[in-house]
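# Per-entry structural report
Letter by letter, the chains look like this.
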Amino acid sequence: MTTNDDHVQHTWNLTHPDSSTITIDLWTDGYSVRVHGGPDDGHDDEGGRQAIEELLEKYTAAGYRVASSYPVNDPEPHDEAPADEPDGKPEKCPECGDPVEYAPKHCTDLREGDAWLCTGCRWGEFLVA
Ligand SMILES: [Zn+2]
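Our subject in this report is the structure included herewith. These numbers were taken from a predicted model, which means no experiment stands behind them. (Residues numbered from 1 in each chain as written. Predicted model: local features only at pLDDT ≥ 70, side-chain atom pairs only at ≥ 80, totals over all residues. Heavy atoms only, no water.)

### Considering the coordination of the zinc ion
For the zinc ion, the full set of protein donor atoms is Cys93 (SG), Cys96 (SG), Cys118 (SG) and Cys121 (SG), and the range of their distances to it is 2.3 Å. Mapped onto the polypeptide sequence, the residues donating to the zinc ion form the spacing pattern C-x2-C-x21-C-x2-C. (Donors = N, O, S within 2.8 Å, 3.2 Å for Na, K, Ca; no water.)

Structure, rendered in structure tokens:
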């Protein structure tokens, strides 16, 4: 991870049991694609997500596996709940029944604070500290 990755919007990491990791970056301009490692190290493309899809398809066909993919400014994989999510999460939204997610520092016109937020109807409730 370099400190100079402001230009990168999204990164894909591909692993292979017999080869080194390939990293694919999509730049924030939405079309510049850069490949690091593997047979195409240094490869440039300007095809955006379409080019990424093709590269991912090509590498997975060659035995690579997408180990992780994440927005660069939020470099935690999203398949795990954040470790600092507090207890007391509502089972589901009381309004529409959709899942509720933790929204730290949620901001409304009235106040800002940690909140539960519905992924469906955007029902929200601030946590009582
Ligand atoms: Zn809801």
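The structure having been displayed, the exposition proceeds.
### Here we look at unusual backbone geometry
Notably, Lys105 is not glycine yet its phi reads approximately 55°, a positive angle. Tracing the backbone shows Lys105 in strand 6 (residues 100–107). The exposure class of Lys105 is exposed, given its relative accessible area of 60%. Unusually for a residue other than glycine, Arg122 sits at a positive phi of about 70°. Its place among the elements puts Arg122 in the loop between strand 7 (112–118) and strand 8 (124–126). According to the relative accessible area criterion, Arg122 is partly exposed, its value standing at 48%. (Helix = DSSP H or I, 4+ residues; strand = E, 2+ residues; numbered from the N terminus. Buried < 20%, exposed > 50% of the residue type's maximum accessible area, 1.4 Å probe, protein only.)

### With respect to helix 1 (residues 48–61)
End to end, helix 1 covers 20 Å across 14 residues, agreeing with the expected 20 Å (1.5 Å per residue, within 8%). Of the residues making up helix 1, those classed as buried are Gly48, Ala51, Ile52, Leu55, Leu56 and Tyr59. Down the axis of helix 1, the buried side of the element spans an arc of 135°, and every buried residue falls inside it. Opposite the packed face of helix 1, turned more than 90 degrees from it, sit the exposed residues Gln50, Glu57 and Ala61. (Expected span 1.5 Å × (residues − 1). Arc of directions from axis to C-beta.)

### Some remarks on the environment of Tyr102
Topologically, Tyr102 is positioned in strand 6. Residues Tyr102 and Thr119, 17 residues apart in the sequence, show an inter-C-alpha distance of 9.9 Å. For Tyr102, the contacting residues outside a window of four places in its chain are Asp84, Glu85, Pro86, Asp114, Ala115, Trp116 and Leu127. At 3.2 Å, the side chain of Tyr102 and the side chain of Asp114 are in polar contact. (Contact = heavy atoms within 4.5 Å. Polar contact = N/O pair within 3.5 Å; in protein donor to acceptor, adjacent residues only side chain to side chain.)

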